[in-house]
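# Examination of the molecular architecture
Listed below, chain by chain, are the residues.
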Amino acid sequence: MDYDTSILTIDTNTDQSNILFREPKDTDGSAVFELINRCKPLDVNSMYCNLLQCSHFAQTSIAAERSGEIIGFISGYRLPQQPDTLFVWQVAVDASARGMGLASRMLTTLLQRLGGDIRHLHTSITASNEASWNTFRRLAETLNAPLNSSMMFDRERHFGGAHDSESLVHIGPFNITSQE
Ligand SMILES: CC(C)(COP(=O)(O)OP(=O)(O)OC[C@H]1O[C@@H](n2cnc3c(N)ncnc32)[C@H](O)[C@@H]1OP(=O)(O)O)[C@@H](O)C(=O)NCCC(=O)NCCS
């Protein structure tokens, strides 16, 4: 299949659900910790880790806020050796806001904010997380970009049998512009 990697502009300006999409700030760390805690099957990290995501990695992360409450969060960072690649660490949407396109909207809004120097996205997904696979398949379709997967962290070799294997999902290349 051929993919058109010409510059793509995604409309992320119109929001009819009163949800604010913004960079996280350090005072969001504890709310993010609570959100992740109620979004099974995500791994819960330390609150300190969430604080770093909301401060050092704020530029490559996004929070969705409704009536002053964080209902969605994506943590991400640029791969240190490949700064044109955004690694999406976790995606979380509160149960009250699922099935309305919020995860998709956060992903495209984040990519739009980062602009044209991001050409690839990596994430990792366990085989059984169908909602996650569908979220990233949808993103690949929106970006009109190929999606490929391979083993990233193996249950036995990397997790010592304590965690399901995580597949590396690679979407890209794509070409996205900020919308004025
Ligand atoms: C996975 C998760 C982030 C999806 O959030 P969401 O806002 O409901 O997702 P969206 O509405 O944007 O849906 C994105 C795509 O995934 C599909 N999808 C969403 N939830 C699904 C589910 N439970 N089962 C199957 N497909 C699902 C949607 O149909 C959509 O695909 P489509 O556009 O082709 O129809 C949310 O369910 C969640 O927080 N789950 C717990 C944490 C988790 O597993 N995170 C994994 C990282 S993605």
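Along each chain, the written sequence defines residue order, and numbers are assigned to residues from 1. For a predicted model such as this one, the threshold for reporting local features is a pLDDT of at least 70, and the threshold for listing and counting side-chain atom pairs is 80 or more; totals across whole chains, interfaces and linings nevertheless cover every residue. Neither water nor hydrogens contribute to the side-chain values; these are computed over all heavy atoms in the structure.

## Examining the site of the ligand
The line we're drawing: We define proximity as follows: a residue is near a molecule or strand when any one of its heavy atoms falls within 4 Å of that partner. As used in this structure description, the phrase polar contact means that two N or O atoms lie within 3.5 Å; if the pair is within protein, one of them must be able to donate a hydrogen and the other to accept it, and residues adjacent in sequence are counted only when both atoms belong to side chains. Method for areas: the Shrake-Rupley scheme with a 1.4 Å probe, in which residue coverage is limited to the protein chains shown. Elements are defined by DSSP. Helices are runs of H or I of four residues or more, strands are runs of E of two residues or more, and each kind is numbered from the N terminus. We call Asp, Glu, Lys and Arg charged. Ala, Val, Leu, Ile, Met, Phe, Trp, Tyr, Cys and Pro are nonpolar, and the rest, Gly among them, are polar.
Near the ligand there are 21 residues, and of these Val93, Gly99, Gly101, Asn134 and Arg138 occur at the shortest range. Val91 places a main-chain nitrogen or oxygen 2.9 Å from a nitrogen atom of the ligand. Within the backbone of Gly99, a nitrogen or oxygen atom sits 2.7 Å from an oxygen atom of the ligand. Protein coverage of the free-state accessible area of the ligand, which is 890 Å², stands at 73%. Among the elements that line the shell around the ligand, the one with the most residues is helix H4 (residues 130–143), at 6 residues. Of the residues contributing to the shell around the ligand, the split by class is 11 nonpolar, 7 polar and 3 charged.

## Describing the sheet that holds strand E5 (residues 120–125)
To keep it simple, the criterion reads: Strand pairing is defined by DSSP finding a minimum of two bridges between the two strands. Where helices are involved, their axes are fitted lines through C-alpha atoms of the stretch in contact, as for all axes, and angles between N-to-C directions lie from 0 to 180°.
Sheet architecture is open: 7 strands sit in the order E1-E2-E3-E4-E5-E7-E6, paired in mixed fashion. The open sheet has two edge strands with one neighbour each: strand E1 (20–22) and strand E6 (147–153). Going from strand to strand, the sheet's axes swing by 25 degrees on average, the running direction of each strand aside. In terms of strand pairing, E5 meets strand E7 (residues 166–171) through 5 bridges, oriented antiparallel.

## Looking at the pairing of E5
Which entries qualify depends on this criterion: Summary of the burial criterion: residues with accessible area below 20% of their type's maximum are buried, those above 50% are exposed, and those between are partly exposed, where the area comes from a 1.4 Å probe applied to protein chains only. If the strands point away from the viewer and the path from the first strand over the helix to the second runs clockwise, then the crossover is right-handed.
Of all the 6 residues making up E5, 5 are buried; the element is thus mostly covered by neighbouring parts of the structure. Bridging between strand E4 (residues 82–93) and E5 involves 4 bridges; their strand directions are parallel. Considered in E5, the bridge of Val88 is made with Thr123. Once the chain exits E4 it traverses helix H3 (residues 102–114) before rejoining the sheet at E5, and the crossover so formed is right-handed.

## Structural notes on unusual backbone geometry
Look at the link from Lys40 to Pro41: it is a cis peptide, with omega at 10 degrees. Summarising the element assignment, Pro41 is placed in the loop between helix H1 (29–37) and helix H2 (47–53). Residue Pro173 follows Gly172 across a cis peptide bond; omega there is 5 degrees. In this structure, Ser67 takes a positive phi of about 50 degrees despite not being glycine. For Ser67, the position within the fold is in the loop between strand E2 (62–66) and strand E3 (69–79). Look at Asn144: it is not a glycine, yet its phi comes out positive at around 55 degrees. Within the fold, Asn144 resides in the loop between H4 and E6.

## Focus on the pairing of E3
Put simply, side chains in a regular strand alternate between the two faces of the sheet. Among the 11 residues that make up E3, 8 are buried, leaving the element largely enclosed by the rest of the structure. Pairing between E2 and E3: 5 bridges, direction antiparallel. Across the sheet, Glu65 pairs through a bridge with Ile70, a residue of E3. Where E3 lies against E4, 8 bridges are found, and the strand directions are antiparallel. Bridging across to E4, Phe73 finds its partner in Ala92. What sits between the antiparallel neighbours E3 and E4 is a turn of 2 residues.

## With respect to the pattern of salt bridges
The following threshold applies: Salt bridges, as used here, are contacts in which a Lys or Arg side-chain nitrogen is within 4 Å of a carboxyl oxygen on Asp or Glu.
Counting across every chain of the model gives 7 salt bridges. Between Arg38 and Asp94 there is a salt bridge; the shortest N-O distance is 2.7 Å. Here Asp94 lies in the loop between E4 and H3 and Arg38 lies in the loop between H1 and H2, a separation of 56 residues in the sequence. Between Asp164 and Arg155 there is a salt bridge whose closest N-O contact spans 2.4 Å. With relative accessibility at 31%, the residue Arg155 sits in the partly exposed group.

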